[in-house]
Amino acid sequence: MPRTHSCGALRPQHAGSPVTLNGWVHRRRDLGGLVFLELRDHAGRVQVVVDPDARDAFAVAETLRSEWVVEVRGTVRVRPPEQRADDGSGAVEVAADAITVLAAADTPPIPVADGGNETSEELRMRYRYLDLRRPERMAPLRLRHRLIKAIWDFLDDAGFLQIETPLLTLATPEGARDYLVPSRTRPGSFYALPQSPQLFKQLLMVGGADRYFQIARCFRDEDLRADRQPDFTQLDLEMSFADEDDVLDLNERLMAHVVHEAAGWTIRTPFPRLSYRDAIDRFGSDKPDLRFGYELITLDATFAGTAFRGFAAALDAGGTVKALRVPAERAGELSRKALDQLEAHAKVHGAKAMAWLRRNGDGFQGPIAKFLEAETPALLEVAATDGDLLLLIADRRSLACGALGAVRTALRDRLDLVPDDAAPSFAWIVDFPLLEEDEATGDWTYMHHPFTQPHPNDLERLESDPGSVRAQAYDLVLNGFEIGGGSLRIHDRATQDRMFRALGFTDEEAEARFGFFLDALRYGTPPHGGIAWGLDRLAMLLAGAGSLRDVIAFPKNVRGGDPLTGAPARVPEEQLHELGLQLLPTDADGATS
């Protein structure tokens, strides 16, 4: 008989109704001549009572073990008030008339019914299909479903067209290494898995699609972190005849709708906008967490002409002195050991050193306090309260801001600076530099990608002063994470040629790599712009998860491996031969020799 109800859907109004349930045995208990089963399916759990009078059902029930798959036929009845677990399925039980075993199960290698958090993540990933039986593990995937459905509903109503783009394509520069796929029919040639659908969505604008979106699978061969995976999912969208305000406004309305539908939150729009330079100067990051204060302070004027050699050298070289003030009421929680740990954290992020000063009356304590007698009056105005702590880094602007910004984030976590009831904090970061200089080579490279439209007021300086040119680019940040990024795109051939030359491409190199795209720009390309959201990262934040791996059905581990399937793995020699490939010898660490 087909299943009539889900376990978690039964309610007191079903009392007296015959039902057929399918699911897993969550627990089994023998008590006073009765057998009690907790039956579990995707919707929840319900208690099943098996009486000895139902002889066949009782005989089967005595053999059952946890995680066996069964069919139960019986009648719903209301549980006595003192036994009700809740007002949902816990308020009723099913008196079994018949039980059929659909599949027996070995003892699971990881706990399903109880605990599980103490089980190693690697083992849980190896048996991910068992881990997903736990409601708390499946909940992020349910949220992810609601998130994607809300995106579809909103964009469909807004006139967007969902269009799929190729997964086997040509390698294009996107800031990371490509995953390459060898071609059997063209030996020596390779496809690349897309890092994003960037050029295809721009070509769709050339083709007149006007408003496009896609829930796109993308691939990047880069080192992994808690918020990165080698294969990931993004919302990709593009709009023709749109300026920056159009794109940002639509995305704010879309985000408000998605967050409300997926997580039940109501968020305020419009989102604040910070220039890239302002974000770096104030928070030391282009993805600042705005849920707490602790803004960076510039002390260049205070230390102008200082005799303290460490700070003077940085300023003489065109650098800066940045400080972070920790108020007295929290500074007392930072011991000398904690300060040493924060300095080590700053060094990991490039700082040569981090100094500290703790206000003590009308002076300061700290390793460098005795060298700053001339600067003390000005510093007392910054550390206005007895016990205030100043953390200081002097170096190149980007390095000093970045390292102290990392310390700010570390303080957030160490001092628990974000209130439990803090609202989610969205913000736009705008006016990025178009190009940045590679410190190792001195060459210019793109900040986002080479198809980003330069700011029209800066375009004339693209050749003479490329570092000063702003991009019409924007990132969307949430609680210290970048969750989206996009730009207006170059839509004329002449500007795209100039951009490639600024990046060091010869005309011949640009034609060889991007000829198909450059050719398209000759045939009437509308002004257009778009964005991509990191759906995995957004789902992680909305679910309150600690890692992307928690919101992906079958994730990779931190080494890029799949504990479930064993990928990546060797392939047979005959398959390599068919593709015209030969492997180089490798050492014990897997490096080619």
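Fair warning: this is a prediction, and the values are worked out from it, not measured in the lab.

Draft legend 1. Quick peek at the pattern of salt bridges. In total, this model carries 47 salt bridges according to the counting rule given. For the salt bridge of Arg549 with Glu121, the shortest nitrogen-to-oxygen distance reads 3.0 Å. Taken together, the residues Arg549 in the loop between helix 15 (535-543) and helix 16 (573-579) and Glu121 in helix 2 (residues 121-126) connect sequence positions 428 residues apart. Looking at Glu121, the relative accessible area reads 28%, which means it is partly exposed. The structure contains a network of salt bridges with shared partners spanning Arg124, Arg128, Asp131, Arg134, Glu136 and Arg137.

Draft legend 2. Representation of the packing of aromatic side chains. By the definition in use, this model includes 15 aromatic pairs. Centroid distance Phe451 to Phe500: 6.2 Å. Interplanar angle 90 degrees. Geometry classified as edge-to-face. Of the two residues, Phe451 is situated in the loop between strand 19 (444-446) and strand 20 (473-478) and Phe500 in helix 13 (residues 493-502); the sequence distance between them amounts to 49 residues. Each of the two residues, Phe451 as well as Phe500, counts as buried. Members of the aromatic cluster, connected to one another through ring pairs, are Phe451, Phe500, Phe505, Phe514 and Phe517. Sitting over the face of the ring of Tyr127, Arg126 holds its NZ or CZ atom 4.7 Å from the ring centroid. The aromatic ring of Phe292 is capped on one face by Arg408, whose charged end is 4.0 Å from the ring centroid.

Draft legend 3. Highlighting the packing of helix 7 (residues 276-283) against helix 12 (residues 397-415). Their axes nearest at 8 Å, the elements helix 7 and helix 12 cross at an angle of 60 degrees. Put simply, helix 7 runs oblique to helix 12. On helix 12, the residues touching Arg277, Ile280, Asp281 and Phe283 of helix 7 are Arg397, Cys401, Gly405 and Arg408. Its residues placed into classes, the contact of helix 7 with helix 12 shows three nonpolar, one polar and four charged.

Draft legend 4. Spatial organisation of the sheet that holds strand 16 (residues 389-395). Ordered in space as 12-13-16-14-15, the five strands form an open sheet in which the pairing is antiparallel. Across the chains shown, the open sheet's two edge strands, defined by having one partner strand only, are strand 12 (296-298) and strand 15 (363-365). The sheet shows a mean angle of 35 degrees between the axes of neighbouring strands, taken without regard to direction. Two elements, strand 13 (residues 320-326) and strand 16, share seven bridges in a ladder whose sense is antiparallel. Paired with Ala323 across the strands is Leu392, a residue of strand 16. The strands touched by helix 8 (residues 309-316) are strand 13, strand 14 (355-360) and strand 16; relative to strand 16, the strand with the most contacts, the crossing angle is about 50 degrees. Contacts from helix 12 reach strand 12, strand 13 and strand 16, with the element oriented near 10 degrees to strand 13.

Draft legend 5. Quick look at a nonpolar patch on the surface. On the surface, a nonpolar cluster with roughly 260 Å² of combined accessible area is contributed by Leu180, Phe190 and Leu581. Note that Leu581 resides in the segment after helix 16.

Draft legend 6. Summary view of the environment of Trp356. Along the polypeptide, Trp356 turns up in strand 14. Sequence spacing of Trp356 and Asp231 is 125 residues, and the spatial spacing of their C-alpha atoms is 42 Å. Once residues lying within four places of it in the same chain are set aside, the contact partners of Trp356 are Arg336, Leu339, Gln365, Gly366, Pro367, Ile368, Leu389, Leu390, Leu391 and Leu392.

Draft legend 7. A look at the nonpolar core. Of all hydrophobic cores here, the largest spans 57 residues; its most connected members are Val326, Leu334, Leu342, Leu391, Val407 and Leu411. Of all the elements, helix 12 adds the most residues to this core, at nine residues. Setting aside residues up to four positions removed in sequence, Val407 forms contacts with Leu324, Leu342, His345, Ala346, Met354 and Leu391.

Draft legend 8. Representation of the sheet that holds strand 17 (residues 426-430) within the structure. Read across the sheet, eight strands follow the order 6-9-10-22-21-20-17-11 without closing on themselves; strand pairing throughout is mixed. Lying at the two open borders of the sheet, with one neighbouring strand each, are strand 6 (161-162) and strand 11 (273-275). One ladder, built from nine bridges, connects strand 9 (residues 211-219) with strand 10 (residues 231-240); its direction is antiparallel. Looking at the pairing, Phe213 lines up with Leu237 of strand 10.

Draft legend 9. Local environment of the packing of helix 10 (residues 336-348) against helix 12. Two numbers describe how helix 10 lies on helix 12: the axes approach to 8 Å, and their chain directions differ by 135 degrees. What the angle tells us is that helix 10 and helix 12 run oblique. Helix-helix and strand crossings are classified by hand; for helix 10 and helix 12 the assignment is right-handed. Residues Ala338, Gln341, Leu342, His345 and Ala346 of helix 10 form the contact with helix 12, whose own contacting residues are Ala403, Ala406, Val407, Ala410, Leu411 and Arg414. Residue classes in the contact of helix 10 with helix 12 are distributed as eight nonpolar, two polar and one charged.

Draft legend 10. Summary view of a negative patch on the surface. Together, Glu436, Glu437, Asp438 and Asp443 make up a negatively charged patch on the protein surface. Tracing the backbone shows Asp438 in the loop between strand 18 (435-437) and strand 19. What makes Asp438 partly exposed here is its relative accessible area of 33%.

Each value, and the rule that gives it
Residues numbered from 1 in each chain as written. Predicted model: local features only at pLDDT ≥ 70, side-chain atom pairs only at ≥ 80, totals over all residues. Heavy atoms only, no water. Salt bridge = Lys/Arg side-chain N within 4 Å of Asp/Glu carboxyl O. Helix = DSSP H or I, 4+ residues; strand = E, 2+ residues; numbered from the N terminus. Buried < 20%, exposed > 50% of the residue type's maximum accessible area, 1.4 Å probe, protein only. Phe/Tyr/Trp six-rings, centres within 6.5 Å; stacked < 30°, edge-to-face > 60°. Lys NZ or Arg CZ within 6 Å of the ring centre and 35° of its normal. Axes fitted to C-alpha atoms, helices over the stretch in contact; angles between N-to-C directions. Parallel < 35°, antiparallel > 145°, perpendicular 65-115°, else oblique. Contact = heavy atoms within 4.5 Å. Nonpolar A, V, L, I, M, F, W, Y, C, P; charged D, E, K, R; others polar. Pairing = 2+ DSSP bridges. Patch = residues over 30% accessible without salt bridge, like charges linked within 9 Å, V, L, I, M, F, W, Y side chains within 5 Å. Areas by Shrake-Rupley, 256 points an atom, 1.4 Å probe, with all protein chains shown as cover. Core = buried A, V, L, I, M, F, W, Y, C linked by side-chain atoms within 4.5 Å. Left-handed = near helix turned anticlockwise from the far one by under 90°. Lys, Arg positive; Asp, Glu negative; His and termini not counted. Charge placed at Lys NZ, Arg CZ, Asp CG, Glu CD.

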